[in-house]
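# Descriptive analysis of the structure
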Amino acid sequence: MPNLLGGCLCGALRYEVRSPPLRVTLCHCRFCQRTTGSSHLVEPLFDRADLHVTAGVPTVYRHRSEGSGRHLDLHFCPVCGTTLFMTFERFPGLCGVYAGTLDDPAAIEVRPDNAKQVFVASARPEAVLLPGLATFAGPAMDAAGVPHAPRVHDAPQIVGRRGREHLPGDDAQPH
C-alpha cells in the first residue's frame, strides 16, 4: 500500500501515513458526532510512529473521555479548524485519522476482517449498520480492556428509533 496523504480544508496542515491501518472503527458516539459534525466517524487506526505531519503545526485540544476518564488529544488546523487525527492516553501507540481528511478517503477499506461499528446505541435513527461487521451498542471493550461479544448482522440494518433490541455493550459510555 502506498503512503496515505491527507490534509485540512485550507491546505495549511498536511500529513502522511506510512502504513496501512491496523483496523477501522465506525464510531457513532456523541463525541464523534460532535467532532465530525456528522452522523459518525470513519476512523482508521494507525501506529502513531507511522503518521507524520509534513506541513504546518497542528493545534491540540485535550478532552477527557466521559467513558474512560482518560484524555483524547484532537489535532486540528489552527487556520481552518479541521480536525485531522486524534491520539489517546489509553492507547499511547495509536492514532486515529479522520478518514474524510485523506486525499483519497476511499483508500480506507471497511471490511469484516478489519472493521467494527461501535456506539450504535447513540447512532442516528436513519444510520445503516453494515452487514458482516462486529457491532456494539457501546464500546468494543470495557474499561479494563475485556472485549464485549459483538453482534454481526447478515444484512444491512437501519438503526431506527430507540427502544430496539439489546446489543452488546448497551450500558457503556462513549469515548
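Since this is a predicted model, take the numbers as computed values, not measurements.

### Brief notes about the nonpolar core
Residues Tyr 15, Val 17, Phe 46, Leu 51 and Val 97 are the most contacted members of the largest nonpolar core, which totals 18 residues. At the level of elements, strand E2 (14–17), strand E3 (23–27), strand E8 (83–88) and strand E9 (94–97) are the ones that each hand at least two residues to this core. Judged by nonpolar contacts, the second largest core, of 16 residues, contains Cys 32, Leu 74, Met 86 and Val 118.

### Quick notes on the packing of aromatic side chains
Enumeration according to the criterion identifies one aromatic pair in this entry. Both rings, one in Phe 88 and one in Phe 91, keep their centres 6.2 Å apart while their planes meet at 75 degrees; by these two values the pair is edge-to-face.

### Quick notes on the pattern of salt bridges
According to the stated counting rule, one finds six salt bridges in the structure shown. With a shortest N-O distance of 2.8 Å, Asp 113 and Arg 111 are connected by a salt bridge. Given a relative accessible area of 63%, Asp 113 falls into the exposed group. A relative accessible area of 31% means that Arg 111 is categorised as partly exposed.

### Observations regarding a nonpolar patch on the surface
The grouping of Val 110, Val 128, Leu 130 and Ile 158 at the surface amounts to a nonpolar patch, some 330 Å² of accessible area in total. Its place among the elements puts Ile 158 in strand E14 (residues 157–158).

### Some remarks on the sheet that holds E2
Read across the open sheet, the three strands follow the order E1-E2-E5; overall the sheet is antiparallel. Of all the strands in the sheet, just strand E1 (4–7) and strand E5 (51–55) have a single pairing partner and so form its edges. For this sheet, the mean inter-axis angle between neighbouring strands, taken without regard to orientation, is 25 degrees. Where E2 lies against E5, four bridges are found, and the strand directions are antiparallel. Counterpart to Arg 14 in the pairing with E5 is Ala 55.

About the criteria used
- Residues numbered from 1 in each chain as written.
- Predicted model: local features only at pLDDT ≥ 70, side-chain atom pairs only at ≥ 80, totals over all residues.
- Heavy atoms only, no water.
- Core = buried A, V, L, I, M, F, W, Y, C linked by side-chain atoms within 4.5 Å.
- Buried < 20%, exposed > 50% of the residue type's maximum accessible area, 1.4 Å probe, protein only.
- Helix = DSSP H or I, 4+ residues; strand = E, 2+ residues; numbered from the N terminus.
- Phe/Tyr/Trp six-rings, centres within 6.5 Å; stacked < 30°, edge-to-face > 60°.
- Salt bridge = Lys/Arg side-chain N within 4 Å of Asp/Glu carboxyl O.
- Patch = residues over 30% accessible without salt bridge, like charges linked within 9 Å, V, L, I, M, F, W, Y side chains within 5 Å.
- Areas by Shrake-Rupley, 256 points an atom, 1.4 Å probe, with all protein chains shown as cover.
- Pairing = 2+ DSSP bridges.
- Axes fitted to C-alpha atoms, helices over the stretch in contact; angles between N-to-C directions.

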